[in-house]
Amino acid sequence: MKSKKTFAQGVLIGVLGIVLFSSKAVMVKLAYNYKIDAISMLLLRMLFSFPFYIVIAYLYRNDKNKYSDISIKDYYWLIFFGAIGYYLASFFDFVGLTYIKASLERIILFVYPTIVLLFNKLFLKKAINTNQKLAILITYLGIIITFGTEVSITGSNVYLGGFFVLLSAITYASYLVDSGWLIPKFGVVRFTAYAMLVSCVCVFIHYGIVSDFNIFNFPWQVYFLGLLIAIFATVIPSFLVSKSIKLISSSNFAVVAAIGPISTIILAVVFLNEKLTLLQVFGTLIVITGILLVSKNKK
């Protein structure tokens, strides 16, 4: 009974984490209504997240007994992965959202497990079995159906937005493939906090170099949305997801994560008045089916 209760708690925590993560794209799109650019919006997200991760890094600073084999080289790798997996992936995502719907963004991002499989095949020589190949084909068939329909509705800018979001998925997948050996050395919480701090610094530098905007000249709604994104779509869900995986395992969580595109579509309909055609909904279901097959066949 206790095991079933724990599993149910893990599922509920996972669902909440995924829904909160899914709200990020919707809140970013709401902020774009106030004529803010992608790097400025990303800056606000990181500015408001920064203090939380500073505290987390401080609280876990003395975990040296368990992780005593960390070298200077490991810290260099952590900086690299923080820049790739959080800074570049987030920047590409925010740029892509200037061109496409929030619901489409989530559908494209959702294919990153298939990219992980392809990277494992190309760089780590890990075989892709027949079921996984079928799952990949199903996933990208769903993307083509969903995406092709949107081009006919809103125009060729969808290609550009889709390209940037796909870049986000690719950089995040490369981070997952390459950083697996490093995370156990630091521990999940400590690694995440350090990597996010690296990402924040990268965004601060990027903004300082390219932006002509004054950070104090935005409407109050933009700052409020930035705060919401930082707390409810970044910090809180990152820990909810980690807790859920601990309670129900990563393979079970992968099934729970399938609600991500669905929750984004619902939120986008409610708050952004976005609409998907029946063909796009069909394509979305195909994508989710493909990713579930990938997750089912992962060891």
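See the structure printed just above.
A few points on the structure.

What counts, and where the lines are drawn
- One numbering rule holds for all chains: residues counted from 1, following each sequence as written.
- This being a predicted model, a pLDDT of at least 70 is required before a residue's local features are given, and a value of 80 or more before pairs of side-chain atoms are given or counted; all residues contribute to the totals for chains, interfaces and linings.
- The basis for every side-chain value is the complete set of heavy atoms in the structure, and neither hydrogens nor water enter the calculation.
- Helix and strand assignments come from DSSP, with helices taken as H or I runs of at least 4 residues and strands as E runs of at least 2, each series counted from the N terminus.
- The quantity called the radius of gyration is restricted to C-alpha atoms. Its globule counterpart is 2.2 Å times the number of residues to the power 0.38.
- Whether a residue is buried, partly exposed or exposed follows from its accessible area with a 1.4 Å probe, protein chains only, as a fraction of its type maximum: under 20%, in between, or over 50%, in that order.
- Working definition of accessibility: Shrake-Rupley area with a 1.4 Å probe, residue cover restricted to the visible protein chains.
- The term salt bridge refers to a side-chain nitrogen of Lys or Arg lying within 4 Å of a carboxyl oxygen of Asp or Glu.
- In a helix, the anticipated span is given by 1.5 Å times the number of residues less one.
- Nine residue types can take part in a nonpolar core, namely buried Ala, Val, Leu, Ile, Met, Phe, Trp, Tyr and Cys, and a core is a set of them joined through side-chain atoms within 4.5 Å.
- The contact definition used throughout considers only heavy atoms, calling two residues in contact when any of these lie within 4.5 Å.
- To pair, rings of Phe, Tyr and Trp, with the six-membered ring standing in for Trp, must have centres within 6.5 Å; the planes then decide the type, stacked if under 30 degrees apart, edge-to-face if over 60, and tilted in the middle.
- Lines fitted to C-alpha atoms define the axes, with helix axes restricted to the stretch in contact, and inter-axis angles between N-to-C directions lie between 0 and 180 degrees.
- In this scheme, a crossing is called left-handed if the near helix is turned counterclockwise away from the far one by less than a right angle; it is called right-handed if the turn is clockwise.
- Charged means Asp, Glu, Lys or Arg here, nonpolar means Ala, Val, Leu, Ile, Met, Phe, Trp, Tyr, Cys or Pro, and polar covers whatever is left, Gly included.

Concerning the overall build of the chain
Next, step 1: Looking only at helices and strands, the chain features 13 helices and 0 strands.
Next, step 2: Helices (α) and strands (β) of the chain occur, in sequence order from the N terminus, as α-α-α-α-α-α-α-α-α-α-α-α-α.
Next, step 3: For the chain, whose C-alpha radius of gyration is 19 Å, the value lies close to the compact-globule estimate of 19 Å for 299 residues.
Next, step 4: Overall, the chain is about 55 × 55 × 45 Å in size when its C-alpha atoms are taken along their principal axes.
Next, step 5: Per-residue burial over the chain gives 52% buried out of 299 residues.
Next, step 6: For the chain, the accessible area works out to roughly 15100 Å², and carbon and sulfur atoms hold 70% of it.

Section: the pattern of salt bridges
Next, step 1: Evaluation of the coordinates by the stated rule reveals 3 salt bridges.
Next, step 2: The partner of K24 in a salt bridge is D93, with the nearest N and O atoms 2.2 Å apart. Of this pair, K24 sits in helix α1 (residues 2-32) while D93 is found in helix α3 (residues 72-96), placing the two residues 69 residues apart along the sequence.
Next, step 3: According to the relative accessible area criterion, K24 is buried, its value standing at 6%.

So, helix α10 (residues 220-248)
Next, step 1: If you check α10, its first and last C-alpha atoms are 40 Å apart, about what 29 residues at 1.5 Å a residue would give, namely 42 Å.
Next, step 2: Two residues or fewer past α10, S249 is found with a positive phi of approximately 85°.

What about the nonpolar core?
Next, step 1: If you look at the biggest cluster of nonpolar residues, it comprises 55 residues, and the most contacted ones within it are Y32, I36, M41 and F191.
Next, step 2: Broken down by secondary-structure element, the contributors of at least two residues to this core are α1, α2 (38-59), α3, α7 (157-179), α9 (188-210), α10 and α12 (259-272).
Next, step 3: A per-element tally of this core places α9 first, with 11 residues.
Next, step 4: In contact with F191, not counting residues within four places along its chain, are L78, F81, Y175, S179, L182, I183 and F186.
Next, step 5: Of all hydrophobic cores here, the second largest spans 22 residues; its members include I107, I108, V165 and V287.

Considerations on the packing of aromatic side chains
Next, step 1: This structure, assessed with the given rule, holds 18 aromatic pairs.
Next, step 2: Centroid distance W77 to F80: 5.8 Å. Interplanar angle 85°. Geometry classified as edge-to-face. Of the two residues, W77 and F80 are both situated in helix α3; the distance of 3 residues between them amounts to about one turn of the helix.
Next, step 3: The exposure class assigned to W77 is partly exposed, which follows from its relative accessible area of 33%.

Re the side chain of S90
Next, step 1: Residue placement: S90 occurs in helix α3.
Next, step 2: Using a relative accessible area of 11% as the deciding quantity, one classes S90 as buried.
Next, step 3: If sequence neighbours within four positions are ignored, S90 has contacts with L42, R45 and M46.

A closer look at the packing of α3 against α9
Next, step 1: The interhelical angle for the contact between α3 and α9, taken along N-to-C directions, is 60°, at an axis separation of 8 Å. Considering the relative orientation of α3 and α9, their crossing is right-handed. Residues Y75, L78, I79, F81, G82, A83, Y86, Y87 and F91 of α3 form the contact with α9, whose own contacting residues are R190, F191, T192, Y194, A195, M196, V198, S199, C202, V203 and H206.
Next, step 2: Looking at the contact of α3 with α9 residue by residue, the class counts come to 15 nonpolar, 4 polar and 1 charged.

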